[in-house]
Amino acid sequence: MKRSSILIAALAVLSISAVVASAQTKSDVDKLYILNCGEGVAGDISRWSPGVDVGKSMDFVDNCYLIHHSLGWLLWDTGVADAIAAMPDGQAPADPKAIHWRRPKTLASQLDQLAVRPADIKFVAISHTHPDHIGNVELFPQAVLLVQKAEYDWPSPSGGGRFKPEHPVTELEGDYDVFGDGSVMIISTPGHTPGHQSLLVKLLKTGVLVLSGDAVHFKSNWENRRVPSINTDKDKTLISMQRIADLLAKENAQLWINHDKAQRDSLKMAPDYYD
Ligand SMILES: [Zn+2]
């Protein structure tokens, strides 16, 4: 072959692989915003990493993720309650080892800035029912909650239900393809709580993301497979972490860890977005 035909053949291979790549990453999700849903200080980080960094405090962040699909808006987690934004010193925890939360901005004000009305949100999917994730569920009384049955049925510490019984809900039993096209998938990752779940999102330019929920809280716990003492099931937590690791490898995906401040500091926040 002459040099020019080799070049043409090489270009043809390149363009075919480009077509294949864009077909694989086809997605009807065109925007993912990271919203500031809290900032806090953990009093003793060893609550999350037993035996390690005992007595040390650590900064935490709390994210919500607003996702636009051609079929509608989905909000992943709702953060600490907007009412905390009005507390000058934030909300101190009952246990000083836990997290002292502040809320620099309300969730409502961040949606307003994006010209998204709470009534526009079709689905509110919740990683789990701890207060730093469900603090604003009732801003969206019309939105369908996507929550595992095991989490929905888990009695609250006071013995009651975790959601208002009148709130529309789809109780899931395992993984769930939210829009039916594989672009936004709920992944069952129990262990932190009985019905904990994570979210896989396919974006055209950014690629595939896995949003952790609290399957893991920060990078060193991920790398060392450490299980917080507060988790309801250690074995299930480890199985869920491995499941996420396998998914990252299979999908060539990035793991975005909800509470990891260093990672969030490296990402762009709303009104910027990922596509
Ligand atoms: Zn959390």
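Residues numbered from 1 in each chain as written. Predicted model: local features only at pLDDT ≥ 70, side-chain atom pairs only at ≥ 80, totals over all residues. Heavy atoms only, no water.

(A) Quick peek at the pairing of strand S4 (residues 99-102). Side chains of S4 alternate between two faces, with Ile-99 and Trp-101 buried and His-100 and Arg-102 left unburied. Sheet topology places strand S1 (residues 29-42) next to S4; 4 bridges connect them, and they run antiparallel. Paired with Glu-39 across the bridge in S4 is Arg-102. (Buried < 20%, exposed > 50% of the residue type's maximum accessible area, 1.4 Å probe, protein only. Helix = DSSP H or I, 4+ residues; strand = E, 2+ residues; numbered from the N terminus. Pairing = 2+ DSSP bridges.)

(B) Region of interest: the environment of Gln-242. Inspection of the secondary structure assignment puts Gln-242 in helix H6 (residues 234-251). Separated by 47 residues in the primary sequence, Gln-242 and Gly-195 have C-alpha atoms spaced 17 Å apart.

(C) Spotlight on the coordination of the zinc ion. In the first shell of the zinc ion, the protein supplies Asp-132 (OD), His-133 (NE2), Asp-214 (OD) and His-259 (NE2), at 2.1 to 2.2 Å from the metal. If you look at the zinc ion, its 4 donor atoms make angles of 89 to 166° with each other, and the shape they trace is irregular. (Donors = N, O, S within 2.8 Å, 3.2 Å for Na, K, Ca; no water. Tetrahedral: all angles 85-135°; square planar, octahedral: opposite > 155°, others 65-115°.)

(D) Focus on the state of the cysteines. As enumerated under the stated definition, the model contains 1 disulfide in all. Disulfide pairing is shown between Cys-37 and Cys-64; the S-S distance is 2.0 Å. Between Cys-37 and Cys-64 the sulfur-sulfur dihedral comes to about -115°; the bridge is accordingly left-handed. Pair noted here: Cys-37 is in strand S1 and Cys-64 is in strand S2 (residues 58-69), with a separation of 27 residues, a long-range link. Comparing Cys-37 with Cys-64, the two get one shared label, buried. (Disulfide = S-S within 2.5 Å.)

(E) Quick look at the sheet that holds strand S11 (residues 207-211). Within the open sheet, the 5 strands sit side by side as S8-S9-S10-S11-S12. Their pairing is mixed. Edge positions in the sheet fall to strand S8 (176-177) and strand S12 (254-256), since each of these pairs with one other strand and no more. Pairing between S8 and strand S9 (residues 184-188): 2 bridges, direction antiparallel. Across the sheet, Asp-177 pairs through a bridge with Met-185, a residue of S9.

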